[in-house]
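Okay, here's what each chain looks like letter by letter:
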Amino acid sequence: MSLADLQALERAFAIPTYARYPVEFVRGSGCRLWDAEGNEYLDFLAGISVLNVGHCHPRVVAAVCEQAGRLLHATNLYYTEPALRLSARLAESSLGGKVFLCNSGAEANEAAIKLVRRARPGGEIVVVKDAFHGRTYGALSATPQEAKQAPFAPLVPGFVVVPKDPAALEAAVSDRTAAVLLEPIQGETGINILSQELLEAARAACDRVGAALVFDEIQCGMGRTGTLWAYEQTGVVPDAMTSAKALGGGLPIGALVTGERLADVFQPGDHGSTFAGGPVIASAALVALELCSDPELLARVGTLGARFAAGLAELPYAAAVRGRGLMLAIDLAPGVLAPKLARRALLEQRLVVNATGPGTVRFLPPLVAEPGDVDEALARLEALA
Ligand code: PLP
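Residues numbered from 1 in each chain as written. Predicted model: local features only at pLDDT ≥ 70, side-chain atom pairs only at ≥ 80, totals over all residues. Heavy atoms only, no water.

Asker: Break down the environment of glutamate 260 for me, with residues and values.
Answerer: Tracing the chain through its elements places glutamate 260 in the loop between strand E12 (254-258) and helix H10 (279-292). In the structure, glutamate 260 is positioned 21 residues away from aspartate 239 in sequence and 7.9 Å away in space, judged by C-alpha atoms. Residues within four places of glutamate 260 in sequence aside, it is in contact with Leu95, Gly96 and Gly97. (Helix = DSSP H or I, 4+ residues; strand = E, 2+ residues; numbered from the N terminus. Contact = heavy atoms within 4.5 Å.)

Asker: Pulling in residues and values, what's your account of a nonpolar patch on the surface?
Answerer: The grouping of Met1, Leu9 and Phe13 at the surface amounts to a nonpolar patch, some 400 Å² of accessible area in total. Looking at the secondary structure, you find methionine 1 in the segment before helix H1 (3-13). Classification of methionine 1 as exposed rests on a relative accessible area of 70%. (Patch = residues over 30% accessible without salt bridge, like charges linked within 9 Å, V, L, I, M, F, W, Y side chains within 5 Å. Areas by Shrake-Rupley, 256 points an atom, 1.4 Å probe, with all protein chains shown as cover. Salt bridge = Lys/Arg side-chain N within 4 Å of Asp/Glu carboxyl O. Buried < 20%, exposed > 50% of the residue type's maximum accessible area, 1.4 Å probe, protein only.)

Asker: Hey, could you go over unusual backbone geometry for me, with residue numbers and the actual values?
Answerer: Each neighbour pair has its own omega, and for alanine 153 with proline 154 the value is 0 degrees, a cis peptide bond. With a phi angle near 55 degrees, isoleucine 48 is a residue other than glycine that sits in the positive phi range. Mapping isoleucine 48 onto the fold places it in helix H2 (residues 46-49). One non-glycine residue, isoleucine 191, lies in positive phi territory at about 60 degrees. In this structure, isoleucine 191 sits in the loop between strand E8 (185-186) and strand E9 (192-193).

Asker: Can you explain the site of the ligand? Please cite residues and give values.
Answerer: Every one of the 13 residues lining the ligand counts as a neighbour, but Gly105, Ala106, Asp216, Gln219 and Lys245 are closest to it. Between phenylalanine 132 and the ligand, the recorded distance is 3.5 Å, taken from a backbone N or O atom to a nitrogen atom. Note that an oxygen atom of the ligand is positioned 3.1 Å from one of the side-chain N or O atoms of lysine 245. Protein chains bury 81% of the 390 Å² of accessible surface belonging to the ligand in isolation. Take the shell around the ligand: its biggest share by element is three residues, from helix H5 (residues 105-119). By residue class, the composition of the shell around the ligand is three nonpolar, six polar and four charged. (Near = heavy atom within 4 Å. Polar contact = N/O pair within 3.5 Å; in protein donor to acceptor, adjacent residues only side chain to side chain. Nonpolar A, V, L, I, M, F, W, Y, C, P; charged D, E, K, R; others polar.)

Asker: Which residues make up the sheet that holds strand E5 (residues 124-128), and what are the values?
Answerer: Spatial strand order, E4-E12-E11-E10-E7-E5-E6: seven strands in an open sheet with mixed pairing. Where the open sheet ends on each side, the last strands, each with one partner, are strand E4 (99-102) and strand E6 (159-162). The sheet shows a mean angle of 20 degrees between the axes of neighbouring strands, direction not considered. For E4 and E12, the ladder comprises four bridges, and the chain directions are antiparallel. Bridging across to E12, leucine 101 finds its partner in alanine 255. Helix H9 (residues 196-209) rests against E5, strand E7 (177-182) and strand E10 (212-216) of the sheet, and its axis sits at about 145 degrees to E10. (Pairing = 2+ DSSP bridges. Axes fitted to C-alpha atoms, helices over the stretch in contact; angles between N-to-C directions.)

Asker: Would you mind going over H10 in detail, with residue names and values included?
Answerer: Over its 14 residues, H10 runs 20 Å from end to end, which matches the ideal 20 Å to within 8%, given 1.5 Å per residue. Counting buried residues in H10 gives 12 out of 14 residues, a clear majority hidden from the surface. Where H10 is buried, its residues contact helix H3 (58-68), helix H4 (81-92) and helix H11 (295-314). (Expected span 1.5 Å × (residues − 1).)

Asker: Quick rundown of the pattern of salt bridges? Include the residues and the values.
Answerer: Summed over all chains, the structure comprises 22 salt bridges. The closest approach of N and O atoms between arginine 362 and glutamate 188, which form a salt bridge, is 2.7 Å. One end of the pair, arginine 362, is in strand E17 (residues 360-363); the other, glutamate 188, is in the loop between E8 and E9, and 174 residues separate them in sequence. Its relative accessible area of 1% is what places arginine 362 among the buried residues. Among the salt bridges present, the one from aspartate 207 reaches arginine 203, with a minimum N-O distance of 2.8 Å. Pair noted here: aspartate 207 and arginine 203 are both in helix H9, with a separation of four residues, about one helical turn. Residue aspartate 207 is classed as exposed on the basis of its relative accessible area of 51%. According to the relative accessible area criterion, arginine 203 is buried, its value standing at 15%. Within this structure, Arg32, Glu40, Asp373, Glu376 and Arg380 form a network of salt bridges that share partners.

Asker: Now, about the side chain of aspartate 35: what can you tell me, with residues and values included?
Answerer: Looking at where aspartate 35 falls in the secondary structure, it is placed in strand E2 (residues 32-35). Comment: no salt bridge for buried aspartate 35; closest opposite-charge side chain is arginine 350, at 4.9 Å. Within the structure, the side chain of aspartate 35 is placed 2.9 Å from the backbone nitrogen of glutamate 37, a separation counted as a polar contact. Ignoring any residue separated from it by four or fewer positions in sequence, one finds aspartate 35 in contact with Val23, Glu24, Phe25, Val26 and Tyr41. (Lys, Arg positive; Asp, Glu negative; His and termini not counted.)

Asker: An account of the state of the cysteines is requested, with residue identities and associated values reported.
Answerer: By definition, a disulfide links the sulfur atoms of two cysteines through a covalent bond. Inspection of every chain in the model, using the stated rule, returns zero disulfides. Cysteine 220 takes part in no disulfide bond, and the closest cysteine sulfur, belonging to cysteine 292, lies 13 Å away. Cysteine 292 forms no disulfide, and the closest cysteine sulfur to it belongs to cysteine 31, at a distance of 13 Å. Accessibility expressed as a relative area gives 0% for cysteine 292, which makes it buried. (Disulfide = S-S within 2.5 Å.)

Rendered as structure tokens:
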């Protein structure tokens, strides 16, 4: 089927929620993608931080194939080993409590929202400006962006939005607060690192009133910033966190991970999902989590990220570079449009990146990238000047 055929099918049958680029990808390996005509692309978006271990990592593929031939699905009415091993591994790698597995990032945040409301019935959830927590109703209600929220009102009540200012956050937290929900590094709105002061103020405010501090590590977790979880570099430990994206090594999975305090808030019947923690995806996630926990890989994320950030700063059209590890963005010089630059990168240079807004281009390469891949990406970006 040609690209034109696919576009005709899309026009006729796909609800138009995506503005797709005119490229059909058919194969991936490591940092590389190939289109239907056999052209090779350098992928510095990694499926929006999903392919942290690279495309089709052989160990992920082997785990999927092996499990797929034995048992695809059983539901959570019964025991399956991969899900429980994954839960143990996730809890041990982070907050030490318990885990609810689900199928996506938004669902992980829905679980977190329900959990903190269950712990403090009727409680408010404080979020900050520029946050993105997903598209389902609870997660959308926690995503204070006019364009995304307004067409879908009324939203879930009980969300309080504050500026990214420690004093404002501190003032918004009261004994009515169930939780403060934050991305330590905001991804969808252009890689904005929340300040250490803000994170510490959130921790102190939650402690003051007995509310839960919840970190959304869906984009910034799984080794993306040079530690398995982004919060490890802040010294601020949340009461719960959500993970998804890279957790499945390329397949859809999400997780809510708690610390001790919130571990037994949910009781049987409070929450659930038919497909959650299915054996195939949990097997893939066990491998992805092991690979992303490798200290050598994590150390490389730091050095590669520094090399890439230094190169990005030299680009003639880059006004500022932001980010941590291999979660990076550039703000463009006045007059340079990010959507246009991302499109040119894809179609002229076969480099996959994306625009998070009119003036910001985001880079989320696979963590298995080599220094040569970084240099090649920089050369392709320079060629766009
Ligand atoms: N939270 C963050 C920080 C995200 O970046 C995203 C997706 O981009 C989500 C939640 C929603 O995840 P999903 O698209 O898997 O529902």
